[in-house]
Each structure stands twice: as C-alpha cells, then as structure tokens.
Amino acid sequence: MLCFLFFSFFIASSYTQLTQNYYQNICPNVESIVKSAVTKKFQQTFVTAPGTLRLFFHDCFVRGCDASVFLANTNAEKDHHDDVSLAGDGFDTVIKAKAAVDSNPSCRNKVSCADILALATRDVVALTGGPSYYVELGRRDGRISTKKSVQHKLPHPDFNLDQLNTMFASHGLSQTDMIALSGAHTLGFSHCGKFSNRIYSKAGIDRTLNQVYALQLRQMCPVNVDPRIAINMDPTTPQTFDNAYYKNLQQGKGLFRSDQVLFTDARSRQTVNLFASDNNAFNQAFVTAITKLGRVGVLTGNQGEIRLDCSRVN
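Residues numbered from 1 in each chain as written. Predicted model: local features only at pLDDT ≥ 70, side-chain atom pairs only at ≥ 80, totals over all residues. Heavy atoms only, no water.

Caption draft 1: Highlighting the state of the cysteines. Evaluation of the coordinates by the stated rule reveals 4 disulfides. Across the disulfide, cysteine 60 is cross-linked to cysteine 65 (sulfur-sulfur distance 2.1 Å). One quick way to see it: the torsion about the S-S bond of cysteine 60 and cysteine 65 is about 120°, and its sign makes the bridge right-handed. The same class applies to cysteine 60 as to cysteine 65, namely buried. Across the disulfide from cysteine 192 sits cysteine 221; the S-S distance is 2.0 Å. Residues cysteine 192 and cysteine 221 are joined through a disulfide that is left-handed, its torsion about the S-S bond being -70°. Residue cysteine 192 is located in the loop between β1 (189-191) and α8 (196-199), and its partner cysteine 221 is located in the loop between α9 (211-220) and β2 (230-232); the two are separated by 29 residues in the primary sequence. The connectivity of the disulfide-linked cysteines in the protein, indexed sequentially, is 1-4, 2-3, 5-8, 6-7. (Disulfide = S-S within 2.5 Å. Buried < 20%, exposed > 50% of the residue type's maximum accessible area, 1.4 Å probe, protein only. Helix = DSSP H or I, 4+ residues; strand = E, 2+ residues; numbered from the N terminus.)

Here it is in structure tokens:
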C-alpha cells in the first residue's frame, strides 16, 4: 500500500508540473509554429489526422507520453506487431513540426518531441471538425524504447468491456474516458485481418454485427485479401471528427468487437446513447479524456531529455 501511494504521488507530482503556458518565455510561438506545420502536412494527405491521433494514444499507453514510440533501435517499441501498422504520416507530421520549431533560433532544441506530438494531436482533431482545446505542456522525452514494453499494453480488437476498463483504469482513465477516447475511431482505418474473425468463422457472421454491413465488409475484405487493404473505421463520415461513431454502434456497425461491445454491454450503452444524441457532450468528454491521457507517465523537470532528433536519444 505504501509503495502504491508513493507511485500515485510520483505520477501526480509529474503531471502537475505540466502547464498550458510552459513555453511562454522559452518559445512563445510554439503552438502557431506546430499548427502551421501540421496544417501543411494535413493538406498533403488526410492520413495525417488519424495517423497522428493513433500515434499519441500508442505512445502514452506504453511507458507514458514520452515520445518513446519514435525511437529507432534494434529492439524498439515501433517494431512490435501492435505498432508496425502505425501510419508513417503520423511520425512524419511530428518530425516536420519539430523541424519547423527548431528552425526558430529562440526555440531550437527547447521543445520536446512529446509536447509536439501532444500539440499536433490537438491540431489534427480540430482540422477534421473536432474540438480545439488547451494542451498542457512541459513533457520531457524518454530515453528508453523496447519492443517488450509494448506487450499487453494496448487494447485488442476483441477486448470485452471489463478488459477495456481494466486497461484504461491502470492509467487513471474512467469508463467514460475510455468510451470518449474510443470515439477517435470516427477517423482512420483498419486492415481486414483485425476484424476478419467477425465476418468469417465457423459460427458465421458475428451476431452483434449488422448483417448488411457484414456483407459489405465481406465484399471489401474477401478471403485471402491483400493484407494492405484498409477499411474505414467509420463507414458514414470517415474524414470528420464527429459522433457518427456512436450512431454506428447503435446500428451494429462497430468494426471491432471492442467497439461494438460499448453498445451491446448494458453498463456502457447509456454513455454511447448520450454521445450519439449529443455531439457537444461527446466533444466535452473527449477533451477531458485526452487531457487526462496526455498526463499518463509523463517525464518532467530533470527527467528525460529534449531530443535533438525525435528518432534517437541525444
């Protein structure tokens, strides 16, 4: 119990050192510089948005929000099978934003990759129609990245509600936070292999899946399909950050079991129904949840470093 209390105090004391105006006297234009770079990248390819958003989640859930997912070595996080599908455009967005920040003499080597990723995540959400929000800053970059550290740290497409809640609770996130963050699936795509067991099995089509939608998925993902084929997570408004994800769940159109269970399980259905009927309620809950996510396992003060290159330690 004493150890747990110390750990809780350590985590709390780290994120309380994050502030919205951390760079005010260090690099006062950091937010506008990052936004400009992210916007330019977004205009080149839409994948910038879901790629960056997913990258932030994967980084924070493994070793905390310390940009360790960027590190390249012979045994890195991004080489784990749960991370190899992270879009290159997400990494490139942060790398380009970092270069833009460092091109300003007063900002050079003073802004962490972890903070740039947090800012870029906010910007892609806003660029796709979602809420803009204040980002707490002051993170330092981690020096360690191992493939082993990813194991069992990210939610699986077949997770049930208890498994989802347990994993998110381990990071101080509530069930409502988890449901709100799952709404990020309103953007992006998945490869067919991640959900093929729902449309092809000895028992037939997953009974919680909308049958018409399932047949459409079979057409897009035939047996032995090219593994590079990707399907939109949101079949209605895949390039807009909105509450359509929850409306889809009400119709049995959650692509993963871990999506659909949020509606089929009575314990979470009420929140899904609320977000489906009230986009503002979803936006508010998402801002609360992603702010809490951004505090997970952060390094501050003299911990970690400010990387000169996001892909390697100094």
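After that view of the structure, there is still more to cover.
Caption draft 2: Quick look at α9. Those residues of α9 lying buried are Tyr213, Ala214 and Leu217. In an axial view of α9, the angular spread of the buried residues amounts to 100°, which keeps them on one side of the axis. Opposite its buried face, α9 presents the exposed residues Val212 and Gln219, each directed more than 90 degrees away. Here the buried face of α9 lies against α8 and β2. (Arc of directions from axis to C-beta. Contact = heavy atoms within 4.5 Å.)

Caption draft 3: Here's a closer look at the side chain of lysine 98. Among the secondary structure elements, lysine 98 is positioned in helix α4 (residues 88-102). Setting aside anything within four residues of it in sequence, one finds lysine 98 in contact with Val111, Cys113, Ile116, Ile306, Arg307, Leu308 and Cys310.

Caption draft 4: Structural view of helix α11 (residues 257-264). Counting buried residues in α11 gives 6 out of 8 residues, a clear majority hidden from the surface. Among all positions of α11, only Ser258, Asp259, Gln260, Val261, Leu262 and Phe263 are buried. Against α6 (161-169), α7 (175-182), α8, α10 (244-250) and α12 (266-277) lie the buried residues of α11.

Caption draft 5: Representation of the side chain of threonine 93. Along the chain, the position of threonine 93 falls in helix α4. Taking the relative accessible area as the measure of exposure, threonine 93 reaches 1% and is therefore buried. Apart from residues lying up to four places away in sequence, threonine 93 is in contact with Val38, Lys41, Thr48, Thr52 and Ala120.

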